[in-house]
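So you can see what is in the structure, the chains are spelled out below.
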Amino acid sequence: MTLLDAVVVGSGPNGLAAAVTLARAGLGVRVLEAQPTAGGGARTLPVPELADDLVFDLCSAVHPMAWASPFFRAFDLGAHGVELVAPEIAYAQPLGGGRAGLAFRDLDRTADGLGPDGDAWRDLIAPLADSWREVTALALGDKRTVRGMLEGVRGGPASSAWGAASAVRPGLRFGAALLEQGGPRWDRRFLTEEAKALLTGVAAHAITPLPSYAGAGTALLLAALAHADGGWAVPVGGSQAVTDALVRDLEAHGGTIETGRAVEDWHDLPPARAVLFDTTPRAVLSIMGDRISVPRRAALRRFRYGNAAAKVDFVLSEPVPWTVPDVGRASTVHVGGTRAEMVIAEDAVANGTHPDRPMVLLSDPGVADPGRVRGNRRPLWTYAHVPAGSTQDLTEAVTRQIERFAPGFRDVVVGSRCIPASHMELHNANYPGGDISSGAASIWQMFARPTPAPDPYQLAEGVYLCSASTPPGPGVHGMGGWHAARRALLREFDIRHVLGLAPA
Ligand SMILES: Cc1cc2nc3c(=O)[nH]c(=O)nc-3n(C[C@H](O)[C@H](O)[C@H](O)COP(=O)(O)OP(=O)(O)OC[C@H]3O[C@@H](n4cnc5c(N)ncnc54)[C@H](O)[C@@H]3O)c2cc1C
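Residues numbered from 1 in each chain as written. Predicted model: local features only at pLDDT ≥ 70, side-chain atom pairs only at ≥ 80, totals over all residues. Heavy atoms only, no water.

1. Some details on the sheet that holds strand β7 (residues 100-104)
Remark on secondary structure: sheet strands pair via backbone hydrogen bonds, oriented parallel or antiparallel. Reading across from one edge, β7-β6-β12-β13-β14-β11-β15 is the order of the 7 strands in this open sheet, with mixed pairing throughout. In this open sheet, the two edge strands, each paired with only one partner strand, are β7 and β15 (413-419). Strand-to-strand, the axes of this sheet are offset by a mean angle of 20°, without reference to chain direction. As defined by bridge partners, strand β11 (residues 308-316) adjoins strand β14 (residues 378-386) across 9 bridges and the pair is classed as antiparallel. When the bridges of β14 are listed, D313 appears paired with W381. (Pairing = 2+ DSSP bridges. Helix = DSSP H or I, 4+ residues; strand = E, 2+ residues; numbered from the N terminus. Axes fitted to C-alpha atoms, helices over the stretch in contact; angles between N-to-C directions.)

Below is the structure:
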């Protein structure tokens, strides 16, 4: 049998980023994907039970990191034909009494809308938004090496002293903001519920009790990117556009993808000099067994999975009838109420119970991409936080939560379906029990995922992990794949310099 250069198991954004990087270096690459279509957490598919002519984002929908991550900036989605569009309002936080927090792309407009908290918002977010390249490099770095933490900073890679120096001040600001917003002092900065809740809604993406450092890190990165160049973009046509661009590039450089190929055992792998796993540590352990050293296996077994999400997709006959009409101008709405309500909801989930008022994330793709709407039917993407392994259908709980801020919502729903957390892994094995982050977002695992080893990607000679279970963690940024692939190029193939990823 022919010996391949590299096999990538899994075709999520990290797996494809790895595959593209390897193929562009001239290697023969084959991707094996368990599901019938490629893309993992970046797939957009029809759901015939809901509508014949609409498509739905199965997992990710909103993509600030798909333009801002160093990998995607090098790859250049725009040059690969992907149109990223950002709404004028990145995200909104509806509150009772006809109030709402609104994060405009324009930071000054956001601050003006926050009244007495305008200056406090500006002080916290403006320096990070101004230094978004450095903040993104640090947040999406490999959490191990200076070079890997400074990829994409102004002035070039970390090898340049100027690149390293330019990241010091933004790094200190990011660290100080993280300590403030991730700890007990988080309530001191803002006076109004609008500002407190607006930032908390973003922190809640981490699915942790709040405040938390993982939540604060998420909130500060994403809040900064809302005001930076590309905003909270959605790809025209859905997340699949990102996957399709990566697949086209891979195939143009000689790589291949086999779908419907679940790898369950070492024998399912074709012979190759390097294997990169876009999977959970649990899957690698079961596939590779004693090909990984005893201490490394023990460390991987200690990897912790997190709480979960239940997905609820709706078809609407009209846009959501928000009490505050401006909320409908945002593609992303955090439906969780006040800061205190979100804290209660996330605490309940952390304690293994279903909150009465769950944290709901909502995206209306038709706001930024009108082509997603067909006649009088529009898709609405939501998910709610639930305890790991939850089997509950969250449709009614999500509907009630939206109704609080959009009375009459129920009347515009013409169809819905729920994927309970316990079913998420049926369409993506990387979400065990519905853990959409492929690993708990604890402070320890923010830095030491999947294990505290000096190299978080290489598990054994020729064996690498490259999924969201590695640094920098969840999100469609391709960074885990990129970091892992470049290590594999160096160690297995002695290739030090990777050529550009953008189209010629
Ligand atoms: C409901 C939901 C909403 C989200 N929203 C957003 C969002 O709006 N923005 C954002 O940036 N991120 C979002 N995310 C997170 C994002 O989708 C993931 O973090 C990202 O897709 C991780 O990429 P990955 O390549 O590591 O793994 P995945 O995208 O999870 O892909 C892993 C792939 O590996 C395959 N695989 C696993 N095991 C095997 C095996 N043994 N054999 C063969 N194939 C295998 C899987 O089938 C899958 O295709 C969301 C996730 C979910 C679930």
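Text resumes after the structure shown.
2. Quick notes on the environment of P94
Considering the arrangement of structural elements, one finds P94 in strand β6 (residues 89-94). Counting along the chain gives 312 residues from P94 to A406, while the straight-line C-alpha distance between them is 9.0 Å. When near neighbours in sequence (up to four residues on either side) are disregarded, P94 contacts R99, A100, W322, V327, V333, H334, G337 and F405. (Contact = heavy atoms within 4.5 Å.)

3. Examining the pairing of strand β12 (residues 330-335)
Among the 6 residues of β12, 6 are classified as buried, and the element is accordingly described as predominantly covered. Relative to β12, β6 is paired through 3 bridges, and the arrangement is parallel. When the sheet's bridge partners are listed, A92 is paired in β12 with V333. (Buried < 20%, exposed > 50% of the residue type's maximum accessible area, 1.4 Å probe, protein only.)

4. Considerations on the packing of helix α1 (residues 13-24) against helix α11 (residues 240-252)
Direction vectors running N to C along α1 and α11 enclose 25°, while the axes themselves pass 9 Å from each other. On the basis of the axis angle, α1 is roughly parallel to α11. The way α1 lies across α11 gives a crossing that is left-handed. Of the residues in α11, those in contact with P13, L16, A19, V20, A23 and R24 of α1 are T243, L246, V247, D249 and L250. Among the residues forming the contact of α1 with α11, the class breakdown is 8 nonpolar, 1 polar and 2 charged. (Parallel < 35°, antiparallel > 145°, perpendicular 65-115°, else oblique. Left-handed = near helix turned anticlockwise from the far one by under 90°. Nonpolar A, V, L, I, M, F, W, Y, C, P; charged D, E, K, R; others polar.)

5. Describing the pairing of β6
By the criterion of burial, β6 is predominantly enclosed, with 6 of the 6 residues buried. Both β6 and β7 contribute to a ladder of 5 bridges, which runs antiparallel. Residue Y91 lies in a different strand from β7, and its bridge partner there is A103. Hairpin connection, β6 to β7: the antiparallel pair is bridged by 5 residues, and G97 has positive phi, about 65°.

6. Some points on helix α14 (residues 339-350)
With 12 residues, α14 ought to run about 16 Å at 1.5 Å a step, and its terminal C-alpha atoms sit 16 Å apart, in line with that. By the burial criterion, the buried members of α14 are R339, M342, V343, A345, E346, A348 and V349. Residue G352 follows α14 closely and has a positive phi angle near 85°. (Expected span 1.5 Å × (residues − 1).)

Shape descriptors only; they carry no functional weight alone.
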